[in-house]
Amino acid sequence: MAPLRCLIAFASSYATLVLATPLSNGLSSRTPSGPVVNQTTCDGRSFTYQQLAGYGFVASNARDKYGDTLGGYGSAIALDRKAWKKTGHNTYSGLLYALPDRGWNTEGTVNYQNRVHKFAIALTLQPQATPAKPAQPNLQFTYQDTILFTGPDGTPTTGIDADVTGYFTYPGFPILPKATYTGDGFGGPGAGGQRVAVDAEGLVLAADGGFWVSDEYGPYIYHFSSTGRMTQAIRPPNAYIPHRNGSISFSSDSPPIYNQNETINPADTETGRDNNQGLEGLTVSADGKTLFALLQSALDQEGGPDNPNRLQARLLEYDISNPSNPKYKSEYVVTLPLYPSKKSSKVAAQSDIHSLGNGQFLILARDSGAGHGQSSSTSVYRHADIFDISDSSGATNIKSKDNDATKGSIASSSGNLNKGIKAAEYCTFLDYNVNSELSRFGLHNGGAQDQFLLNEKWESLALVPVDGKNGGNGEWFLFSLSDNDFVTQDGMYTSNLLFVVVKG
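For clarity, every value in this text was computed on a predicted model and none was experimentally measured. (Residues numbered from 1 in each chain as written. Predicted model: local features only at pLDDT ≥ 70, side-chain atom pairs only at ≥ 80, totals over all residues. Heavy atoms only, no water.)

**Student:** Help me understand the sheet that holds strand β16 (residues 211-215) in this model?
**Tutor:** Within a sheet, each strand pairs with its neighbour through backbone hydrogen bonds, oriented either parallel or antiparallel. Reading across the sheet, the 4 strands line up as β15-β16-β17-β18 and stay open at both edges, with antiparallel pairing between neighbours. Edge strands, defined here as strands with exactly one partner in the open sheet, are β15 (200-205) and β18 (230-234). Across the sheet, the mean angle from the axis of one strand to that of its neighbour is 25°, orientation sign disregarded. Bridge analysis of β15 against β16 gives 5 bridges, and the strand direction is antiparallel. Pairing of Val204 across the sheet is with Trp212, part of β16. (Pairing = 2+ DSSP bridges. Helix = DSSP H or I, 4+ residues; strand = E, 2+ residues; numbered from the N terminus. Axes fitted to C-alpha atoms, helices over the stretch in contact; angles between N-to-C directions.)

Dropping the structure here:
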């Protein structure tokens, strides 16, 4: 059994948790030397979380090259494997791409142009760190660049909620979510306009130097060029497309900042993805030929609007061996875990996935409402678990004309799977909240609301080899970052809009 190390990057205002864990194929059968924090066996393959390896952060008032606040970019990350290097006995360097979602939206969605940030990272391991002598931040981030996203016609995309009715049409594209805004889209004066609405949540580095990005409004998968222009859109089966009053409705019931009292009837979609529960997880196979996207929780017709009924999340598989012509290949269901709450159990919705090969995936499932600045400081479920869709797992390929139709359903409204459908094997694994490990770096789950308390929203996963080469020994660092929702005391957008976001 291969030992797995874990690197956590965490900060005061913007917490960046980086878990470095040797996982993936080719795991050895030897017993790990040193401590073992968590272990699991999934479809006959064993995995071990051996140690928290460190943490780091980016200041909450840092800005990108356009003058905008660097925030929220723990929504998804991707590490450039070609740039990852072991530079010394305990030192590493690499390039990390980080994706914010739809911008600052704690007081309503805003006309934030979607983007991806690029950082150089440097890691120096501190294996001697103990709770009695905790280590200082040992993961350093150096901001390098920002690529702004635009629609097919070169117009900037926006994080503003999509219109209740209507959409864009472009040659060679499916219909796209459209946001119509007034003024400057931030509550200030302006001419207004219309832009493609994107709530970016998943990120994969494309072979051509561009980016695959999954979103929650569509919910779609977009391809953006290396310069940020949308060149392609993958529309999922009709069962995923949100409907209200019998028609397509891409709105997620998230009113804009300048009209916070806007009401949508009905608030929840009737079929398709639920509000803010779209394609949250996106990953690619090691050879770059297969793309996987996972819903954050169940479709509305399968229990989506209600917790704890929304536990059946669909997984899509696309063949992108010809990137210009992706082909829908197969579909599975992942039954999400439950965690205890005051009144009843709740679904631990997923925030990201990462392919491990051989039909196995890491999945970041977590609770909500607990962490830095929240009403509760104690998280009870914050995991990087594993699920398996390989042939040996027996998971059902649910792709069919009936299941993928507009009202197609693979589960009841209470979340019970239809007869004959077997979900992916689900194996509980790596617990972020182990205080004996967190305290080695002065961090904690639960207790005081201070700068060392873990943030609520851990939303990203990425793997790189501990050997700095190919991970042939089965040891990998698992990186995970948090989305801080742009919490800051002096935020800035290019419109010169100052904002303050305080949680607590």
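**Student:** I keep staring at the pattern of salt bridges and nothing clicks. Help me out?
**Tutor:** Pairs may arise between side chains of opposite charge once their charged atoms sit close together. For the coordinates displayed, the defined rule picks out 10 salt bridges. Measuring nitrogen to oxygen at the nearest pair gives 2.3 Å for the salt bridge that ties Glu302 to Arg314. With a gap of 12 residues between them, Glu302 in the loop between β22 (290-295) and β23 (312-319) and Arg314 in strand β23 connect regions that are remote in the sequence. A residue is classified by how much of its surface remains accessible, and Arg314, at 0% relative accessible area, is buried. Between Glu459 and Arg366 there is a salt bridge, and its shortest N-O distance comes to 3.0 Å. With Glu459 in the loop between α1 (435-438) and β31 (462-465) and Arg366 in strand β28 (residues 360-366), this pair connects stretches of sequence that are 93 residues apart. (Salt bridge = Lys/Arg side-chain N within 4 Å of Asp/Glu carboxyl O. Buried < 20%, exposed > 50% of the residue type's maximum accessible area, 1.4 Å probe, protein only.)

**Student:** Help me out: how do you make sense of the state of the cysteines in this one?
**Tutor:** By definition, a disulfide links the sulfur atoms of two cysteines through a covalent bond. Per the counting criterion, the structure on display carries 1 disulfide. Sulfur-sulfur distance for the disulfide between Cys42 and Cys427 comes to 2.1 Å. In this structure the cystine formed by Cys42 and Cys427 twists about its S-S bond by roughly 80°; its chirality is therefore right-handed. Placement of Cys42 in strand β3 (residues 38-42) and of Cys427 in strand β30 (residues 425-431) is noted, with a sequence separation of 385 residues between them. (Disulfide = S-S within 2.5 Å.)

**Student:** Help me understand the nonpolar core, please; the structure alone is not making it clear to me.
**Tutor:** Side chains of a nonpolar character, in soluble globular proteins, are inclined to be buried together. Within the largest apolar cluster, 32 residues are counted, with the highest numbers of intra-cluster contacts made by Trp212, Ile221, Leu291, Leu294, Leu315, Phe387 and Ile389. Contributing elements (two or more residues each) for this core: β21 (279-284), β22, β23, β24 (327-335) and β28. Ranked by residue count, the leading element in this core is β22, at 5 residues. Excluding residues within four positions of it along the chain, Ile221 makes contact with Trp212, Val213, Ser214, Gln232, Ala233, Ile234, Leu279, Leu282, Leu291, Ala293 and Tyr318. (Core = buried A, V, L, I, M, F, W, Y, C linked by side-chain atoms within 4.5 Å. Contact = heavy atoms within 4.5 Å.)

**Student:** Where do I start with the pairing of strand β29 (residues 382-388) in this structure?
**Tutor:** Both faces of the sheet carry side chains from a regular strand, because those side chains alternate between them. The element β29 is largely enclosed, with a buried count of 7 among its 7 residues. Burial along β29 is two-sided: the face carrying Arg382, Ala384, Ile386 and Asp388 and the face carrying His383, Asp385 and Phe387 are both buried. Strand direction decides the pairing type here: β29 and β30, joined by 5 bridges, are antiparallel. Considered in β30, the bridge of Ala384 is made with Leu430.

**Student:** Explain the confidence of the model for the chain to me, please; I cannot follow it from the model alone.
**Tutor:** Predicted coordinates in areas of low pLDDT are best not read in detail. Residues at a pLDDT of 70 or more form 90% of the chain, whose mean pLDDT is 90. Of the regions scoring below 50 in pLDDT, residues 1-30 engages in 192 contacts with residues more than four places distant in sequence or in other chains. Note that pLDDT drops below 50 for residues 499-504; the model gives that stretch 25 contacts with residues more than four away or on any other chain. (pLDDT = per-residue confidence, 0-100.)

**Student:** Can you help me understand the sheet that holds β22 in this one?
**Tutor:** With antiparallel pairing, 4 strands are arranged side by side in an open sheet as β21-β22-β23-β24. Each having just a single partner strand, β21 and β24 make up the two edges of the open sheet. The sheet shows a mean angle of 20° between the axes of neighbouring strands, direction not considered. Taken together, the 8 bridges between β23 and β24 define a ladder with antiparallel strand orientation. Across the sheet, the residue bridging to Ala313 is Val334, located in β24.

**Student:** Sorry if this is basic, but what is going on with the layout of surface pockets here?
**Tutor:** In this approach a probe as big as a water molecule rolls over the atoms, and the regions it shows empty are the leftover space. Volume-wise, the second largest pocket comes out at about 570 Å³. Looking at the lining of the second largest pocket residue by residue, the class counts come to 3 nonpolar, 8 polar and 15 charged. (1 Å grid on protein atoms, 1.4 Å probe; cavity = no way out; pocket = protein on both sides within 12 Å on 5 of 7 lines; lining within 4 Å. Points joined across faces, edges and corners; volume = space filled by probe spheres on them. Nonpolar A, V, L, I, M, F, W, Y, C, P; charged D, E, K, R; others polar.)

**Student:** Help me understand the side chain of His117, please; the structure alone is not making it clear to me.
**Tutor:** Looking at the element boundaries, His117 is found in strand β10 (residues 115-124). According to the relative accessible area criterion, His117 is buried, its value standing at 0%. At a separation of 2.8 Å, a polar atom in the side chain of His117 contacts the side chain of Thr146. Ignoring sequence-local partners within four residues, the contact set of His117 consists of Asp64, Leu70, Tyr73, Leu96, Tyr97, Ala98, Pro100, Tyr112, Tyr143, Asp145 and Thr146. (Polar contact = N/O pair within 3.5 Å; in protein donor to acceptor, adjacent residues only side chain to side chain.)

**Student:** Hey, could you run me through the side chain of Glu317 in this one?
**Tutor:** Assignment of secondary structure puts Glu317 in strand β23. A polar contact is formed between the side chain of Glu317 and the side chain of Ser330, at a distance of 2.3 Å.

**Student:** Explain the packing of aromatic side chains to me, please; I cannot follow it from the model alone.
**Tutor:** Ring pairs (aromatic) are described by centroid distance and by the angle formed between their planes. The full count for this structure, using the stated rule, is 21 aromatic pairs. Plain terms: the ring middles of Phe361 and Phe387 are 4.9 Å apart, the flat faces sit at 15° to each other, and that makes the pair stacked. With a gap of 26 residues between them, Phe361 in strand β28 and Phe387 in strand β29 connect regions that are remote in the sequence. With relative accessibility at 0%, the residue Phe387 sits in the buried group. Members of the aromatic cluster, joined through ring pairs, are Tyr97, Phe149, Phe211, Tyr220, Tyr222, Phe224 and Phe250. (Phe/Tyr/Trp six-rings, centres within 6.5 Å; stacked < 30°, edge-to-face > 60°.)

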